[in-house]
Each structure stands twice: as structure tokens, then as C-alpha cells.
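Residues per chain are reported as follows:
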Amino acid sequence: MCGIIGYVGDQSALDVALQGLRRLEYRGYDSSGIAVVGAGALRTARRAGKLANLEKLLAESPETDPMPGTTGMGHTRWATHGGPTDVNAHPHTDCTGALAVIHNGIIENFALLRAELEAGGHELTSETDTEVVAHLLEAELARVPGPVGVAGPASSADASHPLTGALRRVCRRLEGAFTLVVVHRDYPEVVVGARRNSPLVVGLGEGESFLASDVSAFIAHTREAMEIGQDQVVEARRDGVAVTDFEGQPVDNRRYHVDWDASAAEKGGYPYFMLKEINEQPTALADTLRGRLSADGAIVLDEERLSAQDFRDVDKVFIVACGTAYHAGLIAKYAVEHWTRLPCEVEMASEFRYRDPVLDRSTLVIAISQSGETLDTLMAVKHAREQKARVLAICNTNGSTIPRESDAVLYTRCGPEVGVASTKTFLGQVAACLLVGLFLAQVRGVLYGDEVAAYVERLQRMPELVRRTLGRLEPIRELARELADAKAVLFLGRHVGYPVALEGALKLKELAYMHAEGFPAGELKHGPIALIEPGLPVLVVVPSPRGRANLHGKIVSNIQEVRARGARTIVIAEDGDLAVEPYADHLIRVPETTSLFAPLVTTLPLQVFACELALARGLDVDQPRNLAKSVTVE
Ligand code: M6R
């Protein structure tokens, strides 16, 4: 939920931190702060509100270089403990002002630790859980002082750098989720970090090292990265990094090359990331499908760490995810059950984790997460693996935690998504789910080869259909501007159109702060129809007239029902569907597709509708209020 960048090298740490924070601000924008070690001093600056407030504070400094030094760190906050004030902004320092700490996550036992510290004479000034870490480090360094390699308690590995050893010992006392980065006035040669259940990656540059919440923070400097695993401490120096577990045992982590560059994390001429990301969807989809659809019409998922036999052994599928990723999972359910005839349950990860789902080694759990860091989903993954289920992650972020904690991973290849509202990664997730569903059907022999080949051929055409759909959305933009003052919007759908309706409502809530609800159209008459009043916009995602069980006819009736009660109907229907025309106050056309692939096009007008309506209300679509891109607390 917070963004973190740490740096040691030859550049101005202030410049590197500010540049990194600009890239990380999507992770939280309640406050920001920087600490730099240089010229024998530790300097900090922090401000409530967006990063611009901190930049203004620094620009107003009378000094040419307000924070000299080449070792430092920056933080952008999504508030948990303590409101979004200057005092609660990170970094937090100890009583002496010699060291500073930044943190992402929640330290669950902070109240006990705080009481202990205060009883020991420490003065804590903020309401945050983070501040206890600064004082615990102060106490540890006082207890085990000394130069590198000289002093150290029981563990031999604690005879390393004093700051690293102190952080390891402090981490062993912490409960909850945390990424921590620490700098110290007396140790400008290192930046030290640690993680448990929150993200931390290392950037390995030439004569410089970076610690960050994600690679976008240092991508302008290096594309060489290293994962940091669960319960590990990393000591970063100019010439490289050393990683140990919390007990001090060295660990050897995976290094990888980031396959996108700094320009992918820029706006590229668009005023908002969200607009850019909506328009990147044809490419995101094509990249996610690339290499996975063979010329002879089969699904190829050879990066799997699960064998074909593992997939044949599955007798039940659970999909766990949050928010938009959960909606992708709901779409997957229709496909998985139809193609494989396996039972498939979809559940919000936060709920799945805390009931007793019946899982065993024949259960396949699919965990969907753009960031790979969502703590609710991560906890669901851990729970599933403890029950011996096999876990397949669908993820967009290389080096993130959920893939590492899963048995296998299928990466969506959508590139970095900076806008807080998910758009292109939703399409990538839906595509990945369709691939998994077809793959399961293929290896289990439920679909004939020619049936799989027919789907493969149609999937190959989808990026082009997405591109064409995006090119014809001007009418929904106009309508969104017209509805900027609406009080509420209802979204209806049937079959895979129902999760699309949920996704449309979520987009409108988070971007336009408008009351929006998604319902299965058939459920309407069981209660929600009471909400209909004259003029209420009701957006309906219509299934193909060529689809199953006359769902089309039924939804046309549902449209008539709401229209008869005065609703203003906005109908998303495929080309050539004439039956809806008499009942649509506004008709938005999308190209014809296979029923199960329809969400790849019907979602697009809903994304554009929410984005345009929010812009018409004068809102920031990249950084909606109260939200953060990556939710690393439960
Ligand atoms: O990174 P994840 O896919 O695990 O994130 C899950 C949700 O927090 C996320 O999809 C959220 O609902 C979207 N940003 C909404 O647009």
C-alpha cells in the first residue's frame, strides 16, 4: 500500500528518491517523505498529501542542495495507523535522530512494543506502528554496538554490519506484514531492508544498488533485478547486495532481467495513465496470448511448473482473487465449468482464507493478482498450500510474492499498470483464465482437438476485435459526459455479462465516487428493481443472440421491465442484434464474438464510461481518493 525506494551509489540520493517516488505514487498518496545520509548528517523531509507537497517544500528550501548525500530513501504512504498528517508521514527517526525507517505493511504487535519502549524512556511522536521500529533499532544498536564484524550476539551471522544485524534482530520481534528500509547517519555505506508478506525487490546497477517496492522505481537506472524472499534481510552497498534470512543464514535469490523499459512506465503523451492503459489493451492481450496458441491449434503453457498429469489429477477448481481480479475469476468459472466439466468455485480471497474450504491435493487453486502482492490473495495461497492443494498464480508482476509462493505461474504480459483502476490487466487476466480453462480441457481430453483448435483460432482474432472496439467508443464518451451529474447507475448482465456488469460498477465507484451496483439481470425482480426510478441510468450488457438458452431473449425482457419503470437504458449489444433496438435509449455496439470471449470486448465501453464520467467530474482517474494500487494489508 505504500511505495518504498532505497538507494546507495554515486548519484544524488534525493534525486533518485524523488524520481522513484514519482513512479511509486500510485501505491499510496496520503503523504511522502525522504531521508538522506551525507556529510556526517541524516536529513529528513516529509509532508502530508501528494508528492507535489513534498517537492514544493524542498523547492522552497533556501539551500541549493537541501539534502546532500548519495545514500538515502523515499516513501509514499497509504495511511493505516494514524491519519495522513506530516507527523505520521515516513521516514520515522529514533530518539537520537541518527537513523530513519520507512515501512510498508502493518506491525500487529506495535502497541506492546510501543509500551515497552516508552517504559524504557523512548519518546515516540507519531501515531504510527512504524515508529517503534526506529526505536527498537536504536535500542539494539545501543545493546550491540561496535564496528563491522566486531560485536555481535549469539548468531555468527550477526557479526556482520551492525545495522544489518540490528534489523535482523528487530524483525524477529515483529508480527504482521512489513517491508522496512533503514539508513543511518554513521553508516553511509549501506541501505538495509527487510521483508515479510510485503514486497521488496533489489535493483542491481553499476556501482549502485536500489531497494524498492517494485521495479518501476529504479527502471530508469537498471533493468537487472533480484527477488527478496519471505523473512529476508538485504544489505545493499554500491558494489552489490548480501541477503540473509532473519536468523542470519545467507540466501541466494533469483536474479532477473526486466523485460520492459522506463518508457513503458511513462504516460506516453496521454494526460492520464488510465487512458494510455485502456488503449494498450490490444497489445496487452496479444502479448498475453503470444506463444501460447500453437499453429496447429493447441494451447501451449510450457512455462508451467505443473505437469500435464497434475492437471489431469484435478477434481475441483477454486479461484481466489480480490476486486477486479475477482471479476476475472468469475468469468473464468463459466469457461472452466463449460469446457472441463470440473466444479469451479470463485471466492474473494479475504473470505476464502478465513472459512474452512475443503481442499486436498486434487484441488487446483487459481490465484489471480495483477501485483502479485495483494495480502488477502497471498494469505489464501498460503492457506491452500498448507491444505496440500496445488496453486497456479495468474500474475502480471515478475518477481512478486504470489508467484513465488505458488506451485506454478502464468504471467499476463500487460506491462506495468500505473493507473490505480485496473484495465489492461483485467483483459490479460481474463485471457489467461481462458487459456488455463482450455488447457485443462485439452490435457484432460474433455474437448476434442478440433474444438480446442476452433477456440484457438477465435482467440487469435481477439486482439484485433479489441482494437476495433476501442475505435468506436465515442458515443459512450459523450453519454458519460452527459451523465456527469447522475446520482447512481445500475449495471445488469447475464452469464459472463454479469461479472462484466460488476466490473463496470466497480470502475464507476472507484473513479467517479458514484453509487453503482452490478446485478444479474434475472435477479432484478427479486429486489433491486425497487431501486428503479424515472431517469435512473441502467446499463445492460447483452449476451449474443446466438448464445445459449435464450439468455438474449430473457435480457431483452429485463430491459423492458426497467424501461417500463422509467429507467434510461444504455444497452451494450453486439453488431446485428436488432431485437434490442426498440428498448435502448442509448445503444453501444461491440463486434460479434464467441459468448465466452465476449467480456474481452464488452468490458471496454464500461471502462471508458467510468473514466470519462470521472474526468467530466474533474477527478483524478489515476489516483482516486482513499485507494492504492497494491493492497498489502489485510
Ligand atoms: O494486484 P491485484 O490484482 O491482486 O489487486 C486486486 C485488487 O485490489 C484490484 O483488482 C482492484 O480492485 C483494482 N485496482 C480495481 O480497479
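Because the structure is a prediction, the values reported are computed rather than measured. (Residues numbered from 1 in each chain as written. Predicted model: local features only at pLDDT ≥ 70, side-chain atom pairs only at ≥ 80, totals over all residues. Heavy atoms only, no water.)

(A) Focus on the overall build of the chain. Secondary structure summary: the chain contains 18 helices and 24 strands in total. Overall size of the chain, expressed as C-alpha extent along the three principal axes, is 80 × 55 × 45 Å. Within the chain, contacts between residues separated by at least 24 positions form 71% of all contacts whose residues are at least 6 apart in sequence. Only carbon and sulfur atoms are counted for the fraction: they give 49% of the accessible area of the chain, which is about 22700 Å². Within the chain, the 83 negative side-chain charges are centred at a point lying 4 Å from the centre of the 65 positive side-chain charges. (Helix = DSSP H or I, 4+ residues; strand = E, 2+ residues; numbered from the N terminus. Contact = heavy atoms within 4.5 Å. Areas by Shrake-Rupley, 256 points an atom, 1.4 Å probe, with all protein chains shown as cover. Lys, Arg positive; Asp, Glu negative; His and termini not counted. Charge placed at Lys NZ, Arg CZ, Asp CG, Glu CD.)

(B) Molecular detail of the sheet that holds strand β6 (residues 99-107). With antiparallel pairing, the six strands of this open sheet are ordered in space as β5-β6-β7-β8-β12-β13. A strand with exactly one partner marks an edge of an open sheet, and here the two such strands are β5 (92-93) and β13 (240-245). For strand β7 (residues 176-184) and strand β8 (residues 191-196), the ladder comprises four bridges, and the chain directions are antiparallel. Along β8, the bridge assignment pairs V181 with G193. (Pairing = 2+ DSSP bridges.)

(C) Main features of the domain arrangement of the chain. Taken domain by domain, the chain holds domain 1 (3-264), domain 2 (267-460) and domain 3 (474-616). With centres defined by C-alpha atoms, the gap from domain 2 to domain 3 works out at 26 Å. In this complex, domain 2 contributes 26 residues to the contact, which on the side of domain 3 involves 23 residues. Of the roughly 2100 Å² buried between domain 2 and domain 3 on both sides combined, carbon and sulfur atoms contribute 78%. Area buried by domain 2 at its contact with domain 3 is led by H327, I331 and Y334, which between them contribute 25% of it. At the junction of domain 2 with domain 3, the criterion picks out zero salt bridges. Seen at the junction of domain 2 and domain 3, the total is seven residue pairs in polar contact (both at pLDDT 80 or more). Counting only elements with at least two residues in the side of domain 2 that touches domain 3, the list comes to α6 (273-279), α7 (281-289), α9 (323-340), α13 (424-444) and α14 (449-470). For the side of domain 2 that touches domain 3, the element with the most residues is α9, which contributes nine residues. Partitioning the side of domain 2 that touches domain 3 into residue classes produces 18 nonpolar, seven polar and one charged. (Domains from an automatic or database assignment. Buried area = accessible area lost by both parts, 1.4 Å probe. Salt bridge = Lys/Arg side-chain N within 4 Å of Asp/Glu carboxyl O. Polar contact = N/O pair within 3.5 Å; in protein donor to acceptor, adjacent residues only side chain to side chain. Nonpolar A, V, L, I, M, F, W, Y, C, P; charged D, E, K, R; others polar.)

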